[in-house]
Amino acid sequence: MIAIGCDHGGFQLKQEIMQHLEARGERFYDFGTYTEESCDYPDYGKAVAHAVTSGEYDRGILICGTGIGISIAANKVQGIRAAVCGDCFSAEATRLHNDANILALGARVVGPGLALKIVDTFLDTPFSNDERHLRRIGKIES
Ligand code: RB5
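Calculation notes
- Residues numbered from 1 in each chain as written.
- Predicted model: local features only at pLDDT ≥ 70, side-chain atom pairs only at ≥ 80, totals over all residues.
- Heavy atoms only, no water.
- Axes fitted to C-alpha atoms, helices over the stretch in contact; angles between N-to-C directions.
- Helix = DSSP H or I, 4+ residues; strand = E, 2+ residues; numbered from the N terminus.
- Parallel < 35°, antiparallel > 145°, perpendicular 65-115°, else oblique.
- Left-handed = near helix turned anticlockwise from the far one by under 90°.
- Contact = heavy atoms within 4.5 Å.
- Nonpolar A, V, L, I, M, F, W, Y, C, P; charged D, E, K, R; others polar.
- Buried < 20%, exposed > 50% of the residue type's maximum accessible area, 1.4 Å probe, protein only.
- Phe/Tyr/Trp six-rings, centres within 6.5 Å; stacked < 30°, edge-to-face > 60°.

1. Things to note about the packing of helix α1 (residues 11–24) against helix α5 (residues 112–124)
In contact at an axis separation of 10 Å, α1 and α5 are set at 50° when each is read in the N-to-C sense. In terms of axis orientation, α1 runs oblique to α5. Of the two elements, α1 crosses α5, and the hand of that crossing is right-handed. Facing L13, E16, I17, H20, L21 and R24 of α1, the residues of α5 in contact are P112, A115, L116, V119, D120, L123 and D124. For the contact of α1 with α5, a count of residues per class yields eight nonpolar, one polar and four charged.

Structure, rendered in structure tokens:
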């Protein structure tokens, strides 16, 4: 189950991503924002982050203008590893190495075509379970 959220800057791209998730047969819940009216990205970043750490959702996807503000907010929640990705290599690496549980995208940075490929890569790449990566992730939490 995927938790998805955005601010006004990410609203249009979130619509495209949700259509794509539907086409993939993914189950997801939209935590807002639900219009293009100006709003505050930390509200949505934290809502999705708490949804993921609750255990009810496996992964999160967050979108704002750059992906930066909303990922900074999400990363304040203990247990969240939100990664801003603007390319598929980073999306794959952050799953393999960091076991990132939230993907953050910048709607003003990546076009919708690339964003959907990044989403696919993020969702389809498992964590490596490698001992050295587990050790490093443990150090993030301590
Ligand atoms: C909103 O204008 C913009 O600041 C926000 O979407 C995001 O880019 C912040 O990091």
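2. Some words on unusual backbone geometry
Across the junction of G32 and T33, the peptide omega takes the value -5°, indicating a cis bond. On the secondary structure map, T33 appears in the loop between β2 (28–30) and α2 (41–53). Non-glycine residue N129 carries a positive phi angle of around 60°. Examined against the element boundaries, N129 turns out to sit in the loop between α5 and α6 (131–141). For N129, a relative accessible area of 54% translates into the label exposed.

3. Considering the packing of aromatic side chains
Scanning the model with the defined rule gives two aromatic pairs in all. A ring pair is formed by Y29 and F31, whose centres lie 4.9 Å apart and whose planes are at 85°; its orientation type is edge-to-face. Residue classification places F31 among the partly exposed residues on the basis of a relative accessible area of 21%. Measuring from centroid to centroid gives 5.5 Å for F31 and Y57, while their planes differ by 75°, and the two rings are edge-to-face. Taken together, the positions of F31 in the loop between β2 and α2 and Y57 in the loop between α2 and β3 (59–64) put the pair 26 residues apart, joining distant regions of the chain. Here the aromatic residues Y29, F31 and Y57 are joined through ring pairs into a cluster of three or more.

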